[in-house]
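Chain by chain, the residues run as shown.
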Amino acid sequence: MTDMKTYAAVAMQLAARSVEKAPDKTAARAQMMAMIAEIESKIRSATIFIQQYAGSPVKLAVLPEYLLTSYPGRISIPDFADKAALEVDGPEYEALGAMAQRLQMFIAGNAYEVDRNFPGIYFQASFIIAPSGDVVLRYRRLNSMFAPTPHDVWSKYLDIYGLDGVFPVARTEIGNLAAIASEEILYPEIARAHALRGAEIFVHSSSEIGSPLDTPKDIGKRARAQENMAYVISANTAGIENTTLPLASADGNSMVVDYKGRILSESNSGETFTAFADIDLGALRAARRKPAMTNFLARQRLELFAATYGEIRIQGANGLMKDGNAQIPDRDYFLRAQEEVIERMIKDDLI
């Protein structure tokens, strides 16, 4: 792959807008489409400023977690799937693709998404759209506390999409891109699985508490970057509108981290584009190909851990599968499932 000249990436820290108060599906969808138009103007203005200020063209913009809808709250899974989850070939993705074409850049984001193979439920999906307008990466969140994941329907999901569909990496002219969703930045195995498939840049859409103190996610971002020798572009929400929560409950600390775990830029609170930095693919690739103690990827001894990972069962697969079909859980299912896991771990003397 030919190294591209240095370019800039930006984590767009924007306020998510909840559809909770939208009276029906039609109103929710209209609100989402209107927001896409707002996002485009903000990205365009931000990228013009960044290039004029720092000199590098902006080729990648990362959007926060569930920007168009916010989280489902206590809305039932099938009701939220119908009201707010995107269809793979639906109008929202078409509008986002047209936006990427007009901006001529890669757009990474996150949304709830339905899949016709699993009716009645949704997955939380991270996506990357190329300047062509095509979705070049679709990653469904694998570790979620209160939402269905591919692991909950694992046997059927794997049959349909294969392992490369579970841990996709998009090989593009701006590098090999992979997505990590929200709190998954705290799980080293997810980032490592992507890195072992060639990922060089992690796009991380999040909605989290910002703080002047180091938060768990802040530590995770730096750790995942350093241990995988990869860039992390992490976009947080600038608050969540149209809910009963205080607006800034999830706000601040969007950042760009380089492949040595160094924070190159970080945002304060509010809507802002100030978390931007140059991405130097040539330097990253040179570091990965250099024999040295600091080449952590080349020093992996994966066979050491395979047996332990294969033998010990924590959160089991296929929790929502019955007779070959995915079941629709109630909201309390996920808490009950974790309680059962904890009880089993106590019984097995693991905790």
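Above this text sits the structure in question.
Since the structure is predicted, the reported quantities are computational estimates derived from the model, not experimental observations.

Draft legend 1. Here's a closer look at the packing of aromatic side chains. Tallied over the full model, the rule gives 16 aromatic pairs. Judged by centre distance (5.3 Å) and plane angle (90°), the ring pair of Phe-80 and Tyr-112 falls under edge-to-face. Of this pair, Phe-80 sits in helix H2 (residues 77-84) while Tyr-112 sits in strand E4 (residues 106-113), and the two are 32 residues apart along the sequence. In this pair, the class of Phe-80 matches that of Tyr-112, namely buried. For the ring pair Phe-118 and Tyr-157, a centre distance of 5.9 Å and an interplane angle of 25° mean the geometry is stacked. In this pair, Phe-118 sits in the loop between E4 and strand E5 (123-129) while Tyr-157 sits in helix H4 (residues 154-166), placing the two residues 39 residues apart along the sequence. Of the residues examined, Phe-118 reaches a relative accessible area of 1% and is grouped as buried. Of the residues examined, Tyr-157 reaches a relative accessible area of 2% and is grouped as buried. Linked through ring pairs, Tyr-66, Tyr-71, Phe-80, Tyr-112 and Tyr-122 together constitute an aromatic cluster. Its end group placed over the ring of Tyr-161, Arg-140 keeps NZ or CZ at 5.7 Å from the ring centre.

Draft legend 2. Seen up close, the pairing of strand E1 (residues 7-13). Of all the seven residues making up E1, seven are buried; the element is thus mostly covered by neighbouring parts of the structure. Of the two faces of E1, the one carrying Tyr-7, Ala-9, Ala-11 and Gln-13 and the one carrying Ala-8, Val-10 and Met-12 are both buried. Pairing analysis gives six bridges linking E1 to strand E14 (residues 272-279), with the strands arranged antiparallel. Each bridged residue has a counterpart across the sheet, and for Ala-8 the counterpart in E14 is Asp-278.

Draft legend 3. Seen up close, the sheet that holds strand E13 (residues 263-266). The sheet built from six strands is open, its strands ordered E7-E8-E9-E10-E12-E13 with mixed pairing. Lying at the two open borders of the sheet, with one neighbouring strand each, are strand E7 (170-172) and E13. Within this sheet the neighbouring strands show an average axis-to-axis angle of 20°, counted without direction.

Draft legend 4. The sheet that holds E14, seen in detail. Reading across from one edge, E6-E5-E4-E3-E1-E14 is the order of the six strands in this open sheet, with mixed pairing throughout. With partners counted over all chains shown, the strands left at the sheet margins are strand E6 (135-140) and E14, one partner each. Averaged over all pairs of adjacent strands, the angle between strand axes in this sheet comes to 20°, irrespective of strand direction. Summarising the sheet, E5 and E6 pair through five bridges and their orientation is antiparallel. When the sheet's bridge partners are listed, Ala-125 is paired in E6 with Arg-140.

Draft legend 5. Quick peek at the layout of surface pockets. The computed volume of the largest pocket comes to approximately 1200 Å³. Asn-143, His-151, Tyr-187, Ile-314 and Gln-315 are, among the 30 residues lining the largest pocket, the residues nearest its centre. Within the residue set of the lining of the largest pocket, elements represented by two or more residues are H4, helix H5 (188-195), helix H8 (303-311) and helix H9 (333-347). A per-element tally of the lining of the largest pocket places H9 first, with six residues. In terms of residue class, the lining of the largest pocket is built from 18 nonpolar, seven polar and five charged. Taken together, 20 residues form the lining of the second largest pocket, with Tyr-66, Tyr-71, Tyr-112, Ser-144 and Phe-146 sitting closest to its centre. Residue composition of the lining of the second largest pocket, by class: eight nonpolar, five polar and seven charged.

Draft legend 6. Spotlight on empty space enclosed by the protein. Evaluation of the coordinates by the stated rule reveals two cavities of 30 Å³ or more. Roughly 50 Å³ of volume is contained in the largest cavity. Around the largest cavity, the lining residues are Ile-39, Leu-63, Pro-64, Leu-67, Leu-68, Leu-96, Gly-109, Asn-110, Ala-111 and Phe-127. In terms of residue count, the dominant contributor to the lining of the largest cavity is E4 (three residues). Its residues assigned to classes, the lining of the largest cavity shows eight nonpolar, two polar and no charged. Along the walls of the second largest cavity sit Leu-14, Ala-15, Arg-17, Met-35, Glu-38, Ile-39, Lys-42 and Glu-271, which together make up its complete lining. Among the elements that make up the lining of the second largest cavity, the one with the highest residue count is helix H1 (residues 25-54) (four residues). Here the lining of the second largest cavity is built from residues that sort into four nonpolar, no polar and four charged.

Here is what the cut-offs are and how they apply
Residues numbered from 1 in each chain as written. Predicted model: local features only at pLDDT ≥ 70, side-chain atom pairs only at ≥ 80, totals over all residues. Heavy atoms only, no water. Phe/Tyr/Trp six-rings, centres within 6.5 Å; stacked < 30°, edge-to-face > 60°. Helix = DSSP H or I, 4+ residues; strand = E, 2+ residues; numbered from the N terminus. Buried < 20%, exposed > 50% of the residue type's maximum accessible area, 1.4 Å probe, protein only. Lys NZ or Arg CZ within 6 Å of the ring centre and 35° of its normal. Pairing = 2+ DSSP bridges. Axes fitted to C-alpha atoms, helices over the stretch in contact; angles between N-to-C directions. 1 Å grid on protein atoms, 1.4 Å probe; cavity = no way out; pocket = protein on both sides within 12 Å on 5 of 7 lines; lining within 4 Å. Points joined across faces, edges and corners; volume = space filled by probe spheres on them. Nonpolar A, V, L, I, M, F, W, Y, C, P; charged D, E, K, R; others polar.

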